[in-house]
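# Structural overview for review
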Amino acid sequence: MKTKLLWLSSLTCNGNAHSFLNYHELSLFLDNFEFIYHPIIDSSYTLDDIAKKDIECDILLIEGAISKELKKGDISVIDMIKKYAKKAYRIVTVGTCASFGGMFKNKGEGLHFLQERELEEFRYFKDKTVSVSGCPVHPEVLADTLYMIKRGYDIKLDKFLRPKEFFSYTVHNGCTRNEYFEYKIDNHNYGEKEGCLFYDHGCQAPYTNGSCNKILWNEVNSKTRAGLACFGCTQPQFPKENLFFTKKNMGIPQYLPLGVAKRVYLTLAGISKTFKIERLEKKLFDD
Amino acid sequence: MKREQIMNAALKLFAKNGFYTTTIPDIAKKLNMSVGNIYNYFKSKDILAQEIIKYISSYLGEKLKKINLEKISTKEKTKKIVKIYFQTAKNQPEMIDYFLRVYLSNREVFKGGCEGMICINEFMVEIMIYFEEGVRAGELKDQDFFSAFGLFMGYLGGMVFLKGEGILPSDLDYYIEDISDNIYKALSK
């Protein structure tokens, strides 16, 4: 029996809907799930049907920031959310805008949070909600979450309702540049294999919750592996400013690896900087 | 504790007579100990010298940490750090002398195990935190760490040096107010 999904788009760029098209087992997924409505995948009903009729729905997926004013045609999105939140046995906020406000945090808010602040309005169905943040959402993380729901797993969530299975790690975990991080060598040019991007290039991976370096994008790569900084897109504060630069105060990064106290960080940094590892200072292959 | 007694005696001798002029027998004599017994605690004179700088760094670091943990402005912290530094120079002049005349002057002694900041880490960490939190609080100008560090520590070291040479007409305490003010003005936004 296919699980019935309703994908509602609120204030969004549709990036999550597009990202999900990259899920490598989409056809198998559609053997197990049915979209009663999805903005770009063939589905059983129109948005008008969803608004006007009483259609069966198991899981409600919400993409985009929640805005009270937003209407699609003459249909209020928030009314549809309220209607189907009651019917669905689980709700998934897809992407960072629906989870925390994200790019649209000045025009809307997440379903249960505006950045880190918890909101009251939909608290009555908070127990049903799972948040899969990301800008855009990682297709495999979303699909795996939906499979876990379908199979009735007891999904452990963090304080922002994100599945710990995917969000208890930092993006730093599994990064192929860890050796450069350990010895504090940034020395990076965008797209190159060498160097860590944390010290100068704005990489937020050591304090961003996500599995990008464990569950690779399109099964092949991640931003940091490809040579670009992690922008912290799964976090409540996303997006910060000056994403290509590490904010520092007198040379000390303002944001430190998750759970690492400043004195500990500085002590380790003092020791690490003492070493000159020639192998890491130069190009990996220069012939 | 014997180990600490040896370090204290050696610290005074190294600071006064220099690292190379001071021998292990000199230190043993001062403590009424046998030379062999000193080697039970420290395998070599170099290792003793390294342990002493760690001890000084830890001593000063602990004092700075207390200041850093106080909920006061960076301006007030600046004055307290200057005060602690001058008090140490007055009450335990050997500590500052050792830093300036042995640690900074005989770098070769500190190569095997005290490279970079390793042996003065506790002191450096607290100085970094003082600067970092000063910038974060919007009081200090964001700049290269060593430009700021040199201004602060170079100034204090210079004053202690002048005092040691008998050039300063007044006691170090007399200069605390003005020097704290100068440093804060130079570092602030």
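From N to C terminus, chain A includes eleven helices and eleven strands. Taken over C-alpha atoms, the radius of gyration comes to 21 Å for chain A, in line with the 19 Å a tight globule of 287 residues would show. By the burial criterion, 39% of the 287 residues in chain A qualify as buried. In chain A, the proportion of contacts linking residues at least 24 apart, taken out of those at least 6 apart, comes to 71%.

Here Cys135(A) and Pro136(A) are connected by a cis peptide whose omega angle stands at 0 degrees. With respect to the secondary-structure elements, Pro136(A) resides in the loop between strand E9 (129–132) and helix H6 (139–150). Of note, the amide linkage connecting Phe238(A) to Pro239(A) takes the cis form, showing an omega dihedral of -5 degrees. Of note, Pro239(A) is situated in the loop between helix H9 (223–226) and strand E10 (248–249). Even without being a glycine, Asn14(A) presents a positive backbone phi close to 70 degrees. Along the chain, the position of Asn14(A) falls in the loop between strand E1 (3–9) and helix H1 (15–20). Residue Asn14(A) is classed as partly exposed on the basis of its C-beta count, with 14 C-beta atoms lying within 10 Å. Positive phi, normally seen in glycine, also occurs at Asn32(B), with a value near 55 degrees. Its location among the elements puts Asn32(B) in the loop between helix H2 (24–31) and helix H3 (35–41).

This brings us to the packing of helix H1 (residues 2–17) of chain B against helix H6 (residues 93–103) of chain B. Residue and element names in this part refer to chain B. One can describe the packing of H1 onto H6 by two numbers: an axis separation of 8 Å at closest approach and a directional angle of 55 degrees. Taken as axis vectors, H1 and H6 run oblique relative to one another. Between H1 and H6 lies a crossing of left-handed hand. Seen from H1, the contacting residues are Leu11, Lys12, Phe14 and Ala15; seen from H6, they are Glu94, Asp97, Tyr98, Arg101 and Val102. Of the residues contributing to the contact of H1 with H6, the split by class is five nonpolar, no polar and four charged.

One finds Leu6(A), Leu8(A), Leu60(A), Leu61(A) and Ile62(A) to be the most contacted residues of the largest nonpolar core, which totals 61 residues. Ranked by the residues each element gives to this core, the list is headed by H6(A), at five residues. For Leu6(A), the residues in contact, after removing those within four places along its chain, are Ile36(A), Tyr37(A), Ile50(A), Cys57(A), Leu60(A), Leu61(A) and Tyr84(A). Membership of the second largest hydrophobic core comes to 55 residues, among which are Ile6(B), Leu60(B), Val102(B) and Leu187(B).

This part is about the interface of chain B and chain A. As a measure of interface size, the accessible area lost when the parts come together is often cited. In this complex, chain B contributes 18 residues to the contact, which on the side of chain A involves twelve residues. Breaking the side of chain B that touches chain A down by element, the ones donating at least two residues are helix H7 (121–136) and helix H8 (145–164) of chain B. With nine residues, H7(B) is the single largest residue contributor to the side of chain B that touches chain A. In terms of residue class, the side of chain B that touches chain A is made up of ten nonpolar, three polar and five charged.

Glancing now at the environment of Ile127(B). All names here are of chain B. Considering the arrangement of structural elements, one finds isoleucine 127 in helix H7. The exposure class assigned to isoleucine 127 is buried, which follows from the 22 C-beta atoms found within 10 Å. For the pair isoleucine 127 and glycine 61, spaced 66 residues apart in sequence, the C-alpha to C-alpha distance is 8.3 Å.

With that out of the way, let us pick up the pairing of strand E3 (residues 59–63) of chain A. All names here are of chain A. The element E3 is largely enclosed, with a buried count of five among its five residues. Bridge analysis of E1 against E3 gives five bridges, and the strand direction is parallel. Across the sheet, residue leucine 5 finds its bridge partner in E3, namely isoleucine 59. Direction of pairing for E3 relative to strand E6 (residues 90–94): parallel, over a ladder of five bridges.

Turning next to the domain arrangement of chain A. Residue and element names in this part refer to chain A. What the domain assignment lists for chain A is domain 1 (3–166) and domain 2 (169–282). Placing the centre of domain 1 and that of domain 2 at their C-alpha centroids yields a distance of 30 Å. Listed by partner, the interface residues are 18 residues for domain 1 and 14 residues for domain 2. Sorting the residues of the side of domain 1 that touches domain 2 by element identifies helix H5 (96–100) and H6 as the ones contributing at least two each. Considered class by class, the residues forming the side of domain 1 that touches domain 2 number seven nonpolar, eight polar and three charged.

The rules behind these values
- Each chain carries its own residue numbering, running from 1 in the direction its sequence is written.
- Here chains are named by letter from A upward and ligands by number from 1 upward, in the order in which they appear as written.
- Only residues with pLDDT of 70 or above have their local features reported here, since the model is predicted, and side-chain atom pairs are shown and tallied only from 80 upward, although totals for entire chains, interfaces and linings are computed over all residues.
- Each helix is a run of H or I in the DSSP string that is no shorter than four residues. Each strand is a run of E no shorter than two, and both are numbered from the N terminus.
- The size measure is the radius of gyration over C-alpha atoms, and the globule rule it meets is 2.2 Å times the number of residues to the 0.38 power.
- A residue is called partly exposed when the number of other C-beta atoms within 10 Å of its own lies between 12 and 20, exposed at 12 or fewer, and buried at 20 or more, with C-beta atoms placed from the backbone.
- Once C-beta atoms are placed from the backbone, any two residues with those atoms within 7 Å are in contact.
- Helix axes use the C-alpha atoms of the stretch in contact, all axes being lines fitted to C-alpha atoms, and the angles between their N-to-C directions lie in the range 0 to 180 degrees.
- Roughly parallel means an angle under 35 degrees; roughly antiparallel means over 145; roughly perpendicular covers 65 to 115; every other angle is labelled oblique.
- Definitions for this section: a left-handed crossing has its near helix turned counterclockwise from the far helix by less than a right angle. A right-handed crossing has that turn clockwise.
- Classification convention: Asp, Glu, Lys, Arg as charged; Ala, Val, Leu, Ile, Met, Phe, Trp, Tyr, Cys, Pro as nonpolar; all other residues, Gly among them, as polar.
- Note on terminology: a nonpolar core is a set of buried residues of type Ala, Val, Leu, Ile, Met, Phe, Trp, Tyr or Cys, with members joined through C-beta atoms within 7 Å.
- Note on pairing: two strands pair once DSSP finds at least 2 bridges between them.
- Residue ranges assigned to each domain were obtained from an automatic or database domain assignment.

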